Amino acid sequence: MIANAEVFESLARAAQDTRRVQGATHRFYRYPARFSPLFVQAAIEQFTKPGDLVFDPFVGGGTTLVEAMRLGRAGIGSDINELAIFISQVKTTLLTEAAERELRNWTAGVEQYVNMHAPADADGRWRESGYFKHMEANGVWRYRKAIQQVLNATAWLPDNASREFARCALLRTAQVALDGKRSPPPISTFRTRLVGYLSEMLDDMAALRRETADVQRQPCRVLKQAADQAHTSGAFDEQKPRLILTSPPYPGVHVLYHRWQIGGRRETAAPYWIANRLDGDGERYYTLGHRKEKGLATYFRNLEASFRSIAKVCSPETIIVQVVAFADPEWQLSRYLEALTSAGLQEVGQGEQERLWRDVPNRRWHALSQAKHSSAREVVLFHRLA
């Protein structure tokens, strides 16, 4: 047992809360399969104390790191996805008051930067490398041009943190306009939304800066690193994580971590162009293995390798908390647990009959078709060193 009944009930309430994601910098970008900040907060408060280290080896949208910052814990997050690295870094990089003022002044002119009658020079290497695929078709080319005009205008900002922040606001605005939409809204709507999101995000960042001033701020790091290399980085030589809190890629579930779908199911790598980061590979690269492989052998082999490495940075006191969904939990859950056992971990908690499951409202799986939508349910697993 890692928690008494009262604590378990508290974690269950937080996990099953269906309110919209809000607070701190959590709304900066809708990363696929986002954690519930309320659950993350509850887990950190339960299993750590101020100054402890929290590690997320599949950091995704950075929810674990943001909540660790808010609660005065040190945080390390890692991922192989450059887009995840970018988003997590922006969310956890506190802007100075001076930088915030400069950004607010820049925001006041954003609508003027977007002009369909003006040129928008783009670095041809992005086009040659395929990052504009499906972004220059009818109905979307205006967005390619408008996005480039705003990106060009970020050069007027005084420092890299401000420019990255502006890119993140642009990324959020373009995602809302394009991802999963058959036809994007007018460019005038894009301009208005961009100004609104910039202002909202600046307010959220200012609130996070004030909030973290009330706790003893701890270092927060984001690493470009595969989970199966966690023990090789040296990041944990001085301090072992007290809590590992993460949500690995889900076995057999189709989630596009690296693409948007525009005009139907046409995939584009444009988010990386906006973030000024490079895309790494195809879907199977970001999800530990192809979801249609028989038996998901590659996925479970990579999962075991990942947690074998993660186990090497743990101490006997480390608690590992995971939130996972399955395409077919009837056999995949047991296989998942076998992989973790082989990696040197043991499950602890309430027992098989009382595992904590949560329904995820309004989950968007791109191109997913399952009769029972089992992937819309997640299970919370607790492990420690065997």
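Conventions and cut-offs
- Position numbers for residues start from 1 in each chain and track the written sequence from start to end.
- Totals for whole chains, interfaces and linings use all residues, but because this is a predicted model, local features are given only for residues with pLDDT of at least 70 and pairs of side-chain atoms are given and counted only at 80 or more.
- As a rule here, side-chain values cover all heavy atoms of the structure and leave hydrogens and water aside.
- Remark: exposure states derive from per-residue accessible area (1.4 Å probe, protein chains only) relative to the maximum for the residue type, with buried under 20%, exposed over 50%, and partly exposed in between.
- Each helix corresponds to a stretch of at least 4 residues labelled H or I by DSSP, and each strand to a stretch of at least 2 residues labelled E; elements are numbered beginning at the N terminus.
- For two strands to pair, DSSP has to find at least two bridges joining them.
- The aromatic pairing rule takes the rings of Phe, Tyr and Trp, using the six-membered ring of Trp, and pairs them if the centres are within 6.5 Å, calling planes under 30 degrees apart stacked, those over 60 edge-to-face and the rest tilted.
- Should the NZ of a Lys or the CZ of an Arg lie within 6 Å of a ring centre and within 35 degrees of the ring normal, that charge is described as sitting over the ring.
- What makes a salt bridge here is a side-chain nitrogen of Lys or Arg within 4 Å of a carboxyl oxygen of Asp or Glu, nothing more.
- Fitting a line to C-alpha atoms yields each axis, with helices limited to the stretch in contact; the angle taken between N-to-C directions then spans 0 to 180 degrees.
- Whether a crossing is left-handed or right-handed is set by the direction in which the near helix is turned from the far one by less than a right angle, anticlockwise for left-handed and clockwise for right-handed.
- Residue contacts are defined here by distance: any two heavy atoms, one from each residue, within 4.5 Å place the two residues in contact.
- Throughout this entry, Asp, Glu, Lys and Arg are counted as charged residues, while Ala, Val, Leu, Ile, Met, Phe, Trp, Tyr, Cys and Pro are counted as nonpolar. The remaining residues, Gly among them, count as polar.

1. Things to note about the pairing of strand β9 (residues 356-359)
Line of reasoning, step 1. Of the two faces of β9, only the one carrying Leu356 and Arg358 is buried; Trp357 and Asp359 on the other face are not.
Line of reasoning, step 2. Bridge count between β9 and strand β10 (residues 377-385): 4 bridges; the pairing is antiparallel. By the bridge assignment for β10, Leu356 is matched with Val380.

2. Comments concerning the packing of aromatic side chains
Line of reasoning, step 1. Inspection of every chain in the model, using the stated rule, returns 14 aromatic pairs.
Line of reasoning, step 2. Pairing Phe28 with Phe165 gives two aromatic rings, centres 5.5 Å apart and planes at 90°, and the pair type is edge-to-face. Here the residue Phe28 occupies a position in the loop between α1 (5-15) and α2 (37-47), and Phe165 occupies one in helix α9 (residues 160-178), the gap between them amounting to 137 residues.
Line of reasoning, step 3. Judged by relative accessible area, Phe28 falls into the buried class, the value being 0%.
Line of reasoning, step 4. Through a chain of ring-to-ring contacts, the aromatic side chains of Trp106, Tyr113 and Trp156 assemble into a single cluster.
Line of reasoning, step 5. The ring of Phe132 has Arg144 lying over it, and the distance from NZ or CZ to the ring centre is 5.3 Å.

3. Notes on the pattern of salt bridges
Line of reasoning, step 1. One pass over the full model with this rule turns up 20 salt bridges.
Line of reasoning, step 2. Arg27 is the partner of Glu200 in a salt bridge, and the nearest nitrogen-oxygen pair spans 3.7 Å. Here Glu200 is found in helix α10 (residues 187-213), whereas its partner Arg27 is found in the loop between α1 and α2, with 173 residues between them in sequence.
Line of reasoning, step 3. Overall, Arg27 belongs to the partly exposed group, its relative accessible area being 29%.
Line of reasoning, step 4. The partner of Arg144 in a salt bridge is Glu136, and the shortest N-O contact between them spans 3.6 Å.

4. A closer look at the packing of helix α4 (residues 82-92) against α9
Line of reasoning, step 1. The contact between α4 and α9 brings their axes to 10 Å, and the two run at 115°. Crossing of α4 over α9 shows left-handed handedness. In this structure, α4 contributes Leu83, Phe86, Ile87 and Val90 to the contact, and α9 contributes Glu164, Phe165, Arg167, Cys168 and Leu171.
Line of reasoning, step 2. For the contact of α4 with α9, the class distribution of residues is 7 nonpolar, no polar and 2 charged.

On their own, these measurements won't tell you what the molecule is for.
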